[in-house]
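Observations on the model geometry
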Amino acid sequence: MGCSSCSTAKDGQPRGCKNNGTCGTDGCNKLTVFDWLSNMSLPNGAKPFDCVEVRFKNSRKEFFRNTENLTLSIGDIVATQAQSGHDIGMITLTGELVKVQMKKKKEDHHSPDLPKIYRKASQKDIDKWQKCRSREEEIKKRSREIAIILGLQMKISDVEFQGDGSKATFYYTAEERVDFRQLIKDMAKAFGIRIEMRQIGYRQEAQRLGGIGSCGRELCCSTWLTDFRSVSTSSARYQQLSLNPQKLAGQCGKLKCCLNYELDMYLEALKDFPSSDTKLQTEKGLAFCQKADIFKSTLWFSYRNEPSNWHALSKDQVLEIIQKNKKREKVASLEEYVADNSVQEEMAFENVVGQDSLTRFDRPKRRKKRNRKSRKNQKRRSKNV
């Protein structure tokens, strides 16, 4: 879903639209919603939904009421109502799907407090808006220098200008409460605009800035993930992952959101699975669980006196031994069950059809040796010619 200007340059590298996420088709933006009702006409007598979805910098989206009955479509630049002045944004969704999105985000479309759309942005509005956007990086760098001079323990991660250039919102992260009253005074004096400070979490910071995860793909929070569920270390324990903070933490410094993706499958598989602290009583000695493979239904046990010698048992075999232990009965040894497993594996992989081995394709082809007689015949023919 790239816009028409996101083609390749002469050297083969991506050219990009260079609009910083505000391309006209809204095709290379984060969290883009496809309007699959755009080609369908409304029933006779039905009025179009009077609310639209407008996207601002990064992934910030808000809903506005179209009180002027403007003809709006996806990609239009509009001037919207703000607390003071007006803001400039892009239409990302219109029609009945806006009602679905508002219901999903628990927004009441009957509310009289819903902000309004003033007009379609003129060229003068767009030029002023782009001029403000070009100042954001410079102001962000300068604001960080002021914060360092004041000795504030905070990180200013992003700056967002209002469309009319009268106000700038500074997004920052901090571990503790920060007194930034002097910071606001110094920045208002240096930049000549109204300042609003907004604290965000580390996950929201990664969502706004974006990046590449350890999987090699773009961060989920900056592409499609809209809600941040709490992730705990128990999610890694259930999936039998090593509790290494460097591997489990994402770019935000918190546990990766993808730890929750497969958690439900593991919890479903663990319902009738023996726990990892299971102990088996045998005549040879007490056996402890060393490892478990949930989806292969296999557990590895070792005796107390032989911790390095592991024995692989199936889940049903372990449950059978546990039931016998509850009746105060001891099995002879774990080796008996391991022997049964080896016999079953041999039967499972027995080649009864006589099929050829697939590794025959990996063998190098041997060149056929020509007979000496054929070589002599070729030499004679060449001489006669």
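Structure report, in brief. What you see is a predicted model, and the numbers here were worked out from it, not measured in a lab. (Residues numbered from 1 in each chain as written. Predicted model: local features only at pLDDT ≥ 70, side-chain atom pairs only at ≥ 80, totals over all residues. Heavy atoms only, no water.)

**Details of the packing of helix H3 (residues 136-150) against helix H4 (residues 181-191)**
Operational definition: Lines fitted to C-alpha atoms define the axes, with helix axes restricted to the stretch in contact, and inter-axis angles between N-to-C directions lie between 0 and 180 degrees. By the criteria applied, helices consist of DSSP H or I runs no shorter than four residues and strands consist of E runs no shorter than two, each listed in order from the N terminus. Angular relationships are summarised with four words: roughly parallel below 35 degrees, roughly antiparallel beyond 145, roughly perpendicular across 65 to 115, and oblique for the angles in between. By convention, the crossing between two helices is left-handed when the near helix turns anticlockwise from the far helix through less than a right angle, and right-handed when the turn is clockwise. Residue contacts are counted whenever heavy atoms from the two residues lie within 4.5 Å of one another. Residues are grouped as follows: Ala, Val, Leu, Ile, Met, Phe, Trp, Tyr, Cys and Pro are nonpolar; Asp, Glu, Lys and Arg are charged; all remaining types, including Gly, are polar.
For the pair H3 and H4, the least separation of the axes is 10 Å and the interaxial angle reads 140°. Regarding the angle of H3 to H4, the classification is oblique. Between H3 and H4 lies a crossing of right-handed hand. Contact residues: H3 offers Ile139, Arg142, Ser143, Ile146, Ala147 and Leu150, while H4 offers Gln182, Leu183, Asp186, Met187 and Phe191. Considering only residue class, the contact of H3 with H4 consists of seven nonpolar, two polar and two charged.

**Section: H4**
To keep things clear, this is the line we draw: To sort residues, take the accessible area from a 1.4 Å probe on protein chains only and compare it with the maximum for the residue type: under 20% means buried, over 50% means exposed, and anything in between is partly exposed. The reported arc concerns the directions from the helix axis to the C-beta atoms and nothing else.
Within the sequence span of H4, burial applies to Leu183, Met187 and Phe191. Buried residues of H4, viewed axially, fall in a sector of 40°; they line one side. Among the exposed residues of H4, those oriented more than 90 degrees off its buried face are Arg181, Lys185 and Lys189. Looking at the buried side of H4, the elements it contacts are H3, strand S7 (167-173) and strand S8 (194-199). Just downstream of H4 lies Gly192, where phi reads positive at about 70°.

**A short note on empty space enclosed by the protein**
Picture a little ball the size of a water molecule; that probe, rolled over the atoms, points out where space is still empty. Which entries qualify depends on this criterion: Put simply, the grid is 1 Å and covers the protein atoms alone, a cavity is a trapped set of points that fit a 1.4 Å probe, a pocket is an open set with protein on both sides within 12 Å along at least five of seven lines, and lining residues have an atom within 4 Å of a point. Grid points are joined across faces, edges and corners, and a volume is the space filled by probe spheres set on the points.
Enumeration according to the criterion identifies one cavity of 30 Å³ or more in this entry. One number sums up the size of the largest cavity: a volume of about 80 Å³. Lining the largest cavity are 13 residues, with Phe56, Lys57, Ile88, Trp129 and Arg133 positioned closest to its centre. Breaking the lining of the largest cavity down by element, the ones donating at least two residues are strand S4 (86-93), helix H2 (123-134) and strand S6 (155-161). In terms of residue class, the lining of the largest cavity is built from five nonpolar, two polar and six charged.

**Thoughts on the sheet that holds strand S1 (residues 51-55)**
Threshold: At least two DSSP bridges between two strands are needed for those strands to be called paired.
Taken in spatial order, the five strands line up as S2-S1-S4-S3-S5 in an open sheet, and their pairing is antiparallel. What marks the edges here is a single partner per strand, and that holds for strand S2 (61-65) and strand S5 (117-120). Across this sheet, the average inter-strand angle for adjacent strands is 45°, counted without regard to direction. When S1 meets S4, the two strands line up antiparallel, connected through three bridges. The residue of S4 that forms the bridge with Arg55 is Met90. Contacts from helix H1 (residues 96-104) reach S1, S2 and S4, with the element oriented near 70° to S1. Strands strand S3 (77-81), S4 and S5 of the sheet are contacted by H2, whose axis makes an angle of about 100° with S4.

Geometry only, nothing functional implied.
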